[in-house]
Amino acid sequence: MLKVLQCLTIDHDYRYTAAAVFVCMLGSFVSMRLFSKARLATGVQKVNWLFLAGVNGGAAIWTTHFVAMLGYVAAGDVGYDPYLTGLSLLIAITTTTAGFGISAYGGRSVLVEAGGVILGLGIAAMHYTGMAAYNVQGMIFWDRAYVIASLILGAVLGAIAVNRIARPLNRFCQYSAVAFLILAIASMHYTGMASMSFAFDPRIVIPENLLPPAIMGGGAIAVTLLLLALGLSTYVIDAQSTQQAVARYRHLSLHDPLTGIPNRAAFIEHLNRRTRHVSLGAHTALLSIDLDRFKEINDVHGHAAGDAVLRAIADRASSVLKTGEFLARMGGDEFVAMTHSYYTRADGAEFAQRLIEQISKPVEWNGQTFSVGASVGISVRNTGSIDADTLMAQADVAMYRAKSGSSDTICFYDKSMDEAARERNALAIAMRSGLANKEFELYYQQQNDTKSGSIVGFEALLRWNHPERGMVSPAEFIPIAEQTGFIVELGEWVLREACAQAAQWKKSLAIAVNVAPQQLADNDFPDKVEKILAETGLAPERLELEITEGSIIADHRHALVTIRKLKSLGVKIAMDDYGTGYSSLSTLQSFPFDKIKIDRAFIDGLSTNVQSEAIVRSTLILAHSLNIPVLAEGVETKAHIEFLRREGCLQVQGFFFGKPGPLTSIANLVDDTFLSAEDETDVTAGRRYFKAVR
């Protein structure tokens with residue numbers, strides 16, 4: 001070891017040693033960077049990176065050797081054999097390329113380190129070939145022990161260098177790989193030089209065709225620096241291209257391709273970053289935004305129109321954002337916004353209203369004008385205990401509460417909404433077990449002839465007798481069933497149960513069953529109806545399916561195909577809740593309805609509201625012109641029935657004739673049995689009215 005240090009400090013000129021160290025460090029850095037690229041590349045790119053790494057590495061090793069040799073202090077004249085010098089460069093490049101290649105293609109096997117050993121032994125081969133090209137006036141002697149030590153150092157350190165690239169333990173391994181390659185080159189060279197001793201002999205004359213040290217030094221350094229510069233430039237260009245590509249991919253991954261604004265991933269990243277910090281002043285408010293009336297645009301005018309609306313909304317809403325505000329599209333017609341300048345409710349309401357104003361502006365597209373609204377739920381993070389997921393969930397709960405009201409509604413989250421949400425979730429879970437446990441039951445309400453009062457049919461109404469809650473209102477559990485999709489399974493049970501019970505009646509009365517929009521959207525719904533009729537034995541003409549206009553508008557073409565299939569089975573189709581939806585004449589013309597049911601809201605207002613009378617009267621005139629029978633719901637008074645009789649309404653349904661009841665309560669009506677004396681006291685006002693009329 002002392003001999004190596006003596007060789008380094010005494011036998012060499014420090015200026016050349018410093019130059020050699022610089023070339024070695026620069027060359028090692030560039031070579032290992034290029035080698036790491038080769039490890040990750042495939043195909044032709046892998047070969048290109050290996051070639052660059054081998055040429056740069058070999059040139060750096062070769063130049064380090066000869067620049068250090070220029071600093072070696074030797075008595076007498078010195079020269080370099082041009083052929084052996086060239087051969088040493090070829091050996092350096094070849095072995096370096098081979099070592100890197102074996103390691104690069106070695107995967108995770110021992111070939112990785114084997115390639116490093118070849119690299120290290122190649123350094124030694126270049127060194128001793130270069131020493132063979134070194135001619136001096138005297139004799140050169142070699143210490144075998146130091147020669148072997150130099151070979152071992154080169155092989156071991158070379159293996160470690162490539163190991164740090166191929167099997168990294170952390171992000172600093174690439175720097176340690178450079179350090180080990182520097183050690184491999186430097187330790188091998190100076191240990192090899194320590195193995196050499198020189199005896200000056202003035203009688204020896206070196207050949208004249210040898211290369212002088214000045215040419216060797218200047219030429220070697222110039223060529224190597226040029227190669228290293230080329231390699232480093234290639235690496236930098238590729239690194240910049242990679243960074244640009246990564247930046248572009250990141251931008252694409254964090255932005256919605258349709259609107260160009262941040263997407264769900266960007267929003268979650270932004271939200272998580274903000275919720276890690278608690279502000280002592282302003283708080284963070286999260287706005288969950290859902291568009292109203294957007295689905296109709298998509299369904300009626302196509303996705304191109306819907307996309308145009310979304311782009312316009314995103315552009316307008318983004319244009320009014322202030323410092324500290326953020327907007328993203330979560331997907332479909334759902335957007336989220338954030339503000340980090342929330343002090344009072346007025347700040348959140350102002351931000352929401354500003355966005356709603358932009359969303360509500362009409363959108364022009366292909367000569368058509370579209371208009372949508374928005375429902376906004378707002379949650380506020382004013383303590384550090386609220387995480388991102390909780391904040392999002394709270395905003396969604398508030399948004400759904402806002403959506404249950406009118407359009408362009410803003411709703412702030414409060415804890416009571418959580419209780420309501422938990423209640424809804426509990427009911428959703430209980431419904432499934434309730435159906436299996438036979439907690440559901442059908443009630444029936446009679447439908448009567450307006451002139452005679454005789455029963456023409458019954459409407460099946462679903463009731464839920466919960467073991468703990470008691471009777472749960474349909475207004476409470478039906479919307480939950482629709483939201484969860486359970487309405488399809490529940491509706492099928494209702495249809496099968498109603499058909500099975502009606503098939504047992506002695507009187508061939510009609511049975512009306514409500515059909516949910518999700519059921520109508522089911523491609524297999526007509527087949528299910530046909531199967532249920534076959535299983536229960538109910539005559540198809542006795543079954544009347546009640547469909548709302550809203551479920552038709554959602555997919556006009558599909559609904560028409562489905563209704564025609566149902567009609568082909570012999571089933572009757574009624575439009576339910578007429579007057580509360582679109583109530584368009586085109587719908588009545590396009591669809592083969594067998595009946596129109598006027599909503600009870602208009603019947604309630606007959607005695608007090610002139611507009612209700614006008615609507616009912618015009619509906620009856622329209623239906624009569626189209627030859628479609630009309631049934632009025634919600635008939636409760638003598639005034640109602642007299643008005644409807646006078647205006648030509650053929651059928652009625654309501655408390656005037658009887659409240660809905662279980663199957664046992666209508667047994668005498670469907671089986672043609674006589675009322676007992678006790679039952680005679682419970683006859684309805686409608687029956688007494690018609691008895692009096694007759």
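Residues numbered from 1 in each chain as written. Predicted model: local features only at pLDDT ≥ 70, side-chain atom pairs only at ≥ 80, totals over all residues. Heavy atoms only, no water.

Novice: Looking at this structure, how should I read the pattern of salt bridges?
Specialist: Here the idea is simple: oppositely charged side chains can pair when their charged atoms come close. Summed over the entire model, instances satisfying the criterion amount to 19 salt bridges. Between K528 and D522 there is a salt bridge, with the nearest N and O atoms lying 2.8 Å from each other. When salt bridges that share partners are traced, they join E492, R496, D522, K528 and E535 into one network. (Salt bridge = Lys/Arg side-chain N within 4 Å of Asp/Glu carboxyl O.)

Novice: What am I meant to see in helix 13 (residues 388-403) here?
Specialist: Since the α-helix advances by 3.6 residues per turn, residues separated by three or four positions end up pointing in the same direction. Look at helix 13: 22 Å from first C-alpha to last across 16 residues, which is about the 22 Å you get at 1.5 Å a residue. Among the residues making up helix 13, those that are buried are A388, L391, M392, Q394, A395, V397, A398, M399 and A402. (Helix = DSSP H or I, 4+ residues; strand = E, 2+ residues; numbered from the N terminus. Expected span 1.5 Å × (residues − 1). Buried < 20%, exposed > 50% of the residue type's maximum accessible area, 1.4 Å probe, protein only.)

Novice: What am I meant to see in the pairing of strand 13 (residues 455-466) here?
Specialist: Two faces, one strand: in a regular strand the side chains alternate between the faces of the sheet. In terms of burial, strand 13 is a largely internal element, nine of the 12 residues being buried. Across nine bridges, the pairing between strand 12 (residues 440-449) and strand 13 is antiparallel. Bridged to Y443 within strand 13 is L461. Taking the residues that link successive antiparallel strands as the turn, the strand 12-strand 13 hairpin has five residues, and the phi of G453 there is positive, at about 80°. In the sheet, strand 13 pairs with strand 15 (residues 510-514) via three bridges, with the strands oriented parallel. Note on strand 15: the bridge partner recorded for F458 is I511. Between the antiparallel neighbours strand 13 and strand 14 (residues 470-472) lie three residues. (Pairing = 2+ DSSP bridges.)

Novice: Help me understand the layout of surface pockets in this model?
Specialist: Gaps left between atoms are located by rolling a probe of water-molecule size over the structure's atoms. Roughly 870 Å³ of internal volume is contained in the second largest pocket. Contributing to the lining of the second largest pocket are 33 residues, with E459, L461, N514, E546 and D576 lying nearest its centre. Mapped onto the lining of the second largest pocket, the elements with two or more residues apiece are strand 13, helix 15 (474-484), helix 16 (487-502), helix 17 (517-521), strand 16 (543-548) and strand 17 (572-578). Class assignment of the residues belonging to the lining of the second largest pocket gives a composition of 15 nonpolar, eight polar and 10 charged. (1 Å grid on protein atoms, 1.4 Å probe; cavity = no way out; pocket = protein on both sides within 12 Å on 5 of 7 lines; lining within 4 Å. Points joined across faces, edges and corners; volume = space filled by probe spheres on them. Nonpolar A, V, L, I, M, F, W, Y, C, P; charged D, E, K, R; others polar.)

Novice: Which parts of the structure should I look at to understand the packing of helix 23 (residues 610-625) against helix 24 (residues 638-647)?
Specialist: Two elements in contact, helix 23 and helix 24, have axes whose closest approach is 10 Å; the angle formed by their N-to-C orientations is 35°. Here helix 23 runs over helix 24; the crossing is right-handed. Residues E613, V616, R617 and L620 of helix 23 form the contact with helix 24, whose own contacting residues are F643, L644 and E647. (Axes fitted to C-alpha atoms, helices over the stretch in contact; angles between N-to-C directions. Left-handed = near helix turned anticlockwise from the far one by under 90°. Contact = heavy atoms within 4.5 Å.)

Novice: In this structure, what is going on with the nonpolar core? I would like to understand it.
Specialist: The nonpolar side chains of soluble globular proteins are, as a tendency, buried together. Core analysis: the largest hydrophobic core is formed by 73 residues, its most contacted members being I511, L543 and L545. Sequence-distant contacts of L545, defined by excluding residues within four places in its chain, comprise L495, V513, V515, F525, V529, L566, V571, K572, I573 and A574. Formed by 44 residues, the second largest nonpolar core is a distinct cluster that contains M131, V162, L181 and I185. (Core = buried A, V, L, I, M, F, W, Y, C linked by side-chain atoms within 4.5 Å.)

By themselves, these observations are geometric and do not establish any function.
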